Amino acid sequence: MPPDRPDRSAGTFAPLRSQLQGAATAFAGGPDAVADILTGIVDDVDRALGEELEIFPVCHHSPASALAMARRLREKQPAVIYLELCEDLRPLLEELRNCRLPVALQAFASELDGFPSAWAPLNIVAPISEASAEYQAIAYALDNPDVELVLVDRSADHVFQWTPTESPDPAPDAGPESADTDAAPDDAGGQPPEEAALHGEAVGIGIGDLRPRFAELRSYLLHHGKVRHWSEWWDQYVEQPLADADYDTYRQVMVLIGSLFRRLRPPAGPGHDDRDSDRERYMWTRMRQHMAATGVDRSRCLYVCGAFHAASPVEEFGTAPGTPDWEISPRTATRWLYGLIPSSHSAIERQFDLAPGSVSIAQAGWTKAVGRGGVTPYQLAGQPGGRKRGRAKKQLPAPAAPAPVTDRLSGFLSRPPVLDEVDEAELLGWCVDIVRLARRNGYLASTADAIAVFETSILLAGIRNRARPTPYDFADAAVTCIEKDVVPGRRDVRRLCDILLGGDRIGQVGYDALPPLARDVFDRLAPLGLALETRTIQRALLDLTARPELAPCSDLLWVLHRLLPDGVVRPIMGERRLGERSIQESWDLGLGRHQRAVIELGYEGITVEQVLEKRLRRSVWAPDATAAAALAAVEDAILFLPSRRFVDELGGRAVELLSAERTVDDAPEVLRRIRRLLAHYRSTEPELPAWCESFVTTGYAHYCTLLPTAFVDDETGVRQVGAMLGFLFSMESLALSLGCDRAQLELAVRQSHPEAPAKVALLWAAQSQLGLLTVAQLRSRCVELLTNPLVVPAFPHYLSGFVQALEPVPSLAPVVVEVISEAFARLPDPVLLPWLPKLITTLREQGRELVPLLVREAGRTFPAGLAALDAWVPPWSADAPTPDPGVPGAGVGGSPVSSSCGPVVGLLRDHPGTCDAVAELLGCDAGWQPAGSPSAGAGSSEGALLLDAHPATASAVAELLAGTAGPR
């Protein structure tokens, strides 16, 4: 509760104070808290109006406040306007001339110093709409060079300084008056998600949010006011009565409401500071400092603040001599960036928990009030989308002395509401237009529905004790009479009413008010010849062959696609990957619709390339950075940034991260990316970069060291172990050429003793690849598994390991096909059917991308036609027929075998140089055997053994020669 007040038994509001105290005493049977509250709010009004510095109380986005502000500015013509807005946002106000309202002033910080890192990024927005008192004050001050506009509210840095550091998210605690945790937000339906999300997760800063601070009072007012939400109550009982009230009445009523809501709010809990009082101490201290520095006359100043703050009980209130100042803490070292972003009515409603459509209705009321005449609003010169300015009126001299304060509250509170006539023309226009709009959206509406909406609106207003139907009564009537029980399209009738009564106006930031990066983006995309500033989706077609000058536009679009959220820049045709460039591209561009994303991108740098470089560098130097993330950054740098030095820097960081990793969770991603990068450099560069060679050698040693532990670690999956083996085997030749030792890999495999079935199968595959286990031994172990009834239930896991082994040992595919075929052939149905679903799910989870290898291998092994299946004998079976020596290159199932005759043997005999070189390299000196000799026919020579071990190459060469030169 506010501190004790001085005795005010005599004064301007003494009769009203006595009357309220007597009513409270009669109501409660004696003096109590109710009497203290009622007399206290009168004291607050008396104190606020008695201050020599004129206080102008406002409500956030209130047409009544805007009308009163326009009238008062023309009457008083203040020399200094103190405005309740973050003081560091002052330079942005000049840029409002280049914008179409509503827009929001924004303070943004991504690199924090003095705040918890979990809060990043810090984001504050202060929306400005045309139907607001703050815009009227801003327009008046900026268009009059002799008027000084001073923002006196806490800075963006102080907003978060006053937030408890233990809060994981600063938004709920750092907000202004609108951050009301006890009162539920108004909710009258959903909002369009795109327009309502223009502010993102920013903390909203506004002037004068007037709502009860606890749910009981709000529920009481809504129930007895016969309204659905607070915005409707405020429009009915405050906005409409004050729209045409004189200034003194408006001022006293607003302070009265602010004082009432302040006194009825729940007290701050233990350990929680009253940030509202701190804001008032801050603002009064700043105003006194400015007056002392400039010597301005207080009577020529105007203090614009929320009505909640006008009724302030703090000791620092006022500008009288001797008023104590409040010690303001210095700002942190956080670097704040400032700009303008587009806003919308729905974004303001969502930010400040207002009912959907309430800001649009307020805008419609403002437009109607201005159209009636009687007040000329202020507007910034040259602002797009505004009214045409007439001839400037001559400024009137300021009054010599302020008018004395008279009691207007007694008459206003005791006078019954004025019963206005029903504006039949306006209501008829609404009814006709809503029926027309409903027809366009698929409703079966007719003239009878328009008549029904008209009569129902009047009926609802009468039931709710209203003199005339409000827009809310009209919307309820339209829903009742038109919507029925079916919504044929994506818009219901209530949404159509919002569109009819003003719609969701969306602001736009002009080109001159954009940050340098955004302007650079629009300038570089100018060759496309599109109106990128509009909110419609623009289709860009780029034929890079016919118009090579559009290649820079293509490069920029790909960078924007990498940096901006999904949907802002969307490729329809074309792609950009390593070693590939599209010759034609098609894009959907929504830069005008998503201005906020482009503007916030400008807070990170001057050009998009600089922003991308900063993000990539930040990602690889982050505390949780991994080698896989660094390789991804390397790939992005190659694709989008033509800087070999930067790529080498990222690659060096990838080597450091790989050597420092103690887990192999990212081994599959590392293997996939390094393979792609090596293939790119081998096809485009004469030699591999130094960091690639270092990465291969470091990875070879690193994975050899971790391999025994990964085999026995239960937390390491079979997929990760398979990727490790894939790296070791696929990079083995390169690693050995760079100085690695193969014995390290053999020792790692020998030291591995897994127990999990899948890892056991992986170990067998690795041993087979290293020559430690022959194919015959591998077959015998698989047969033992199938004949052991205790192992058969776990056989799908062994198969999963064999499938994962196809990554490091792709030549094992025929053996895996053989093992699976043997399992289906030998196991009886009672054993096979229970683990068949388990086999399918295991392969789907752990080896989905490797199953096509098995399918292709099975297609080469099994006969192509169904008729040949009955006579087909598996090539691994003991009953498989021996190859016919009279048929050159023929083998079982069409597999080629070596022979002493045929095109392959003839080719080798006519060109022996290759075989001689291979024999010399292998140390074989047996020489050539004569054709037709027993040793040659038996395949005892090295050439015959080589052909038997690798028949696929000989078969391909034979087919090629048979089609060109014929058999020899």
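This is a predicted model, so every value here is computed, not measured. (Residues numbered from 1 in each chain as written. Predicted model: local features only at pLDDT ≥ 70, side-chain atom pairs only at ≥ 80, totals over all residues. Heavy atoms only, no water.)

## Considerations on the overall build of the protein
We count it as follows: To qualify as a helix, a DSSP run of H or I must reach at least 4 residues; to qualify as a strand, a run of E must reach at least 2; elements of each kind are numbered from the N terminus. Think of it in three bands: with a 1.4 Å probe and only protein chains considered, a residue is buried below 20% of the maximum accessible area for its type, exposed above 50%, and partly exposed in between.
Broken down by element type, the protein carries 41 helices and 13 strands. Burial statistics for the protein: of 968 residues in total, 50% are counted as buried.

## Details of helix α28 (residues 718-730)
Formally: One less than the number of residues in a helix, times 1.5 Å, gives the span that helix is expected to have.
For α28, which comprises 13 residues, the first-to-last C-alpha distance of 18 Å matches the rise-based estimate of 18 Å (1.5 Å per residue) to within 8%. For α28, a buried count of 11 out of 13 residues is recorded, marking the element as mostly surrounded by other parts of the structure.

## Details of the packing of helix α16 (residues 424-440) against helix α18 (residues 471-483)
To keep it simple, the criterion reads: Convention adopted: a line fitted to C-alpha atoms gives each axis, helices being fitted over their contacting stretch, and angles between N-to-C directions are expressed from 0 to 180 degrees. Should an angle fall under 35 degrees it is taken as roughly parallel, and over 145 as roughly antiparallel, whereas 65 to 115 is taken as roughly perpendicular and any remaining angle as oblique. Crossings are assigned a handedness: left-handed for a near helix turned anticlockwise from the far helix by less than a right angle, right-handed for a clockwise turn. Contacts are assigned to residue pairs with any non-hydrogen atoms lying within 4.5 Å of each other. Side-chain classes are defined by residue name, with Ala, Val, Leu, Ile, Met, Phe, Trp, Tyr, Cys and Pro counting as nonpolar, Asp, Glu, Lys and Arg as charged, and the others, Gly among them, as polar.
Where α16 meets α18, the closest approach of the two axes is 11 Å, and the angle between their N-to-C directions is 40 degrees. Our classification of the angle between α16 and α18 gives oblique. Relative to α18, the crossing made by α16 is right-handed. Residues Leu-427, Trp-430, Cys-431, Ile-434, Val-435 and Ala-438 of α16 form the contact with α18, whose own contacting residues are Pro-471, Phe-474, Ala-478 and Ile-482. In terms of residue class, the contact of α16 with α18 is built from 10 nonpolar, no polar and no charged.

## Side note on the sheet that holds strand β12 (residues 569-573)
Put simply, the rule is: One requirement defines pairing of two strands: DSSP has to find at least two bridges between them.
Taken in spatial order, the three strands line up as β11-β13-β12 in an open sheet, and their pairing is antiparallel. For this open sheet the edge positions go to β11 (538-543) and β12, each flanked by a neighbour on one side alone. For this sheet the average axis-to-axis angle between neighbouring strands, irrespective of direction, equals 25 degrees. Contacting β11, β12 and β13 (584-589), helix α21 (residues 551-563) crosses the sheet at an angle of about 50 degrees to β13.

## What to know about helix α4 (residues 133-142)
With 10 of its 10 residues buried, α4 lies for the most part within the structure. Along α4, the positions that sit buried rather than exposed are Ala-133, Glu-134, Tyr-135, Gln-136, Ala-137, Ile-138, Ala-139, Tyr-140, Ala-141 and Leu-142. Among the structural elements, β1 (54-58), α3 (63-76), β2 (80-86), β5 (122-128), β6 (148-153) and α14 (358-372) are those in contact with the buried residues of α4.

## Quick look at the sheet that holds β2
Taking strand neighbours across the sheet as the criterion, the four strands line up as β1-β8-β2-β6 in an open arrangement whose pairing is parallel. Edge strands, defined here as strands with exactly one partner in the open sheet, are β1 and β6. Pairwise comparison of adjacent strand axes, ignoring direction, gives a mean angle of 30 degrees for this sheet. Bridge analysis of β1 against strand β8 (residues 301-306) gives five bridges, and the strand direction is parallel. Across the sheet, residue Pro-57 finds its bridge partner in β8, namely Cys-305. Sheet strands in contact with α3 are β1, β2 and β8, and its direction is about 160 degrees off that of β1.

## Points about the side chain of Ser-312
Cut-off, in case you're wondering: Polar contacts, as counted here, are pairs of nitrogen or oxygen atoms within 3.5 Å of one another; within protein the pair requires one atom able to donate a hydrogen and one able to accept it, and residues that are adjacent in sequence qualify only if both atoms are side-chain atoms.
With respect to the secondary-structure elements, Ser-312 resides in the loop between α12 (307-310) and β9 (337-342). At 3.4 Å, the side chain of Ser-312 forms a polar contact with the backbone nitrogen of Val-314. Leave out the neighbours within four places in its chain, and Ser-312 touches Arg-47, Arg-262, Glu-280 and Phe-317.

## Quick notes on the packing of aromatic side chains
What counts is decided by this rule: Pairing of aromatic rings covers Phe, Tyr and the six-membered ring of Trp, with a centre-to-centre limit of 6.5 Å; geometry is then stacked below 30 degrees between planes, edge-to-face above 60, and tilted otherwise. Sitting over a ring, as applied to charges here, requires NZ of Lys or CZ of Arg to be within 6 Å of the ring centre and within 35 degrees of the ring normal.
Taken as a whole, this structure holds 18 aromatic pairs when the rule is applied. Among the aromatic side chains, those forming a connected cluster through ring pairs are Phe-115, Trp-119, Phe-160 and Trp-336. We note Arg-74 situated over the ring of Tyr-378; from NZ or CZ to the ring centre the distance is 4.3 Å.

## Details of the nonpolar core
Note the cut-off: We call a set of buried residues a nonpolar core when its members are Ala, Val, Leu, Ile, Met, Phe, Trp, Tyr or Cys and they connect through side-chain atoms within 4.5 Å of each other.
One finds Leu-105, Leu-525, Leu-591, Phe-695 and Leu-812 to be the most contacted residues of the largest nonpolar core, which totals 198 residues. Of the residues forming this core, the biggest block, 11 residues, is contributed by helix α27 (residues 690-712). Apart from residues lying up to four places away in sequence, Leu-525 is in contact with Leu-532, Cys-553, Leu-556, Leu-557, Leu-560 and Leu-591.

## Notes on the pattern of salt bridges
The criterion, for reference: What counts as a salt bridge is simple: a side-chain nitrogen of Lys or Arg found within 4 Å of a carboxyl oxygen of Asp or Glu.
One pass over the structure, following the stated rule, counts 43 salt bridges. For Glu-52, the salt bridge identified is with Arg-298, shortest N-O distance 2.8 Å. Taken together, the residues span a long stretch of sequence, with Glu-52 in the loop between α2 (33-50) and β1 and Arg-298 in the loop between α11 (275-294) and β8 at a distance of 246 residues. Overall, the relative accessible area of 44% leaves Glu-52 in the partly exposed class. One salt bridge in this structure joins Asp-325 and Arg-288, with 2.9 Å as the shortest N-O distance. With Asp-325 in the loop between α12 and β9 and Arg-288 in helix α11, this residue pair connects regions lying 37 residues apart in the sequence. Because the salt bridges share partners, they merge into one network encompassing Glu-635, Glu-669, Arg-672, Arg-673 and Arg-676.

## A few points about a negative patch on the surface
Spelled out, the test is: In this scheme, patches are assembled from residues that exceed 30% relative accessible area and form no salt bridge. Like charges are connected within 9 Å, while nonpolar side chains (Val, Leu, Ile, Met, Phe, Trp, Tyr) are connected within 5 Å. Surface accessibility follows the Shrake-Rupley procedure with a 1.4 Å probe radius. Residue values consider only the protein chains on display as shielding. Residues scored as positive are Lys and Arg, those scored as negative are Asp and Glu, and His as well as the terminal groups of each chain are ignored. Working definition for charges: the position is that of NZ of Lys, CZ of Arg, CG of Asp or CD of Glu.
Taken together, the side chains of Asp-665, Asp-714, Glu-715 and Glu-755 make up a negatively charged region of the molecular surface. Among the structural elements, Glu-715 can be located in the loop between α27 and α28.

## Brief notes about a nonpolar patch on the surface
Together, Val-918, Leu-921 and Leu-922 give the surface a local cluster of nonpolar side chains, amounting to about 340 Å² of exposed area. Topologically, Leu-922 is positioned in helix α38 (residues 913-922).

## Focus: the packing of helix α17 (residues 447-463) against α18
One can describe the packing of α17 onto α18 by two numbers: an axis separation of 8 Å at closest approach and a directional angle of 135 degrees. The angle between α17 and α18 falls in the class oblique. Here the hand of the crossing between α17 and α18 comes out right-handed. Counted together, Asp-449, Ala-452, Val-453, Thr-456, Ser-457, Leu-460 and Ala-461 of α17 and Asp-473, Phe-474, Asp-476, Ala-477, Ala-478, Cys-481 and Ile-482 of α18 form the full contact between these two elements. Its residues assigned to classes, the contact of α17 with α18 shows nine nonpolar, two polar and three charged.

## Concerning the pairing of β2
Within β2, seven of the seven residues are buried, which leaves it mostly tucked inside the rest of the structure. Relative to β6, β2 is paired through five bridges, and the arrangement is parallel. Across the sheet, residue Leu-83 finds its bridge partner in β6, namely Leu-151.

## Here we look at unusual backbone geometry
Geometrically, the link from Leu-101 to Pro-102 is a cis peptide bond, its omega value of 5 degrees lying close to zero. On the secondary structure map, Pro-102 appears in the loop between β3 (99-100) and β4 (103-109).

## So, the pairing of β1
Each regular strand displays side chains that alternate between the two surfaces of the sheet. Most of β1 is tucked away, with five of its five residues classed as buried. On β1, burial covers both faces: Glu-54, Phe-56 and Val-58 on one face and Ile-55 and Pro-57 on the other are all buried.

## Description of the environment of Gln-769
In this fold, Gln-769 is placed in helix α31 (residues 757-770). Taking the relative accessible area as the measure of exposure, Gln-769 reaches 33% and is therefore partly exposed. Through-space distance from the C-alpha of Gln-769 to that of Phe-729 is 8.4 Å; in sequence the pair is 40 residues apart. Sequence-distant contacts of Gln-769, that is, excluding residues within four places in its chain, are made with Phe-729, Arg-742, Val-809 and Ser-811.

## Quick word on the environment of Asp-492
Looking at the secondary structure, you find Asp-492 in the loop between α18 and α19 (493-500). Residues Asp-492 and Val-479, spaced 13 residues apart in sequence, show a C-alpha to C-alpha distance of 8.3 Å. Aside from chain neighbours lying at most four places away, what touches Asp-492 is Tyr-443, Glu-483 and Val-487.

## Describing the confidence of the model for the protein
Stated precisely, the cut-off is as follows: The quantity known as pLDDT measures the predictor's confidence residue by residue, on a range of 0 to 100.
This prediction gives the protein a mean pLDDT of 79; 78% of its residues lie at or above 70. Predicted confidence is poor over residues 1-10, with pLDDT under 50, and the contacts of this stretch with residues over four places away or in other chains come to 15 contacts. Across residues 172-192, confidence stays below pLDDT 50; counting only partners more than four residues off in sequence or on other chains, it has 62 contacts.

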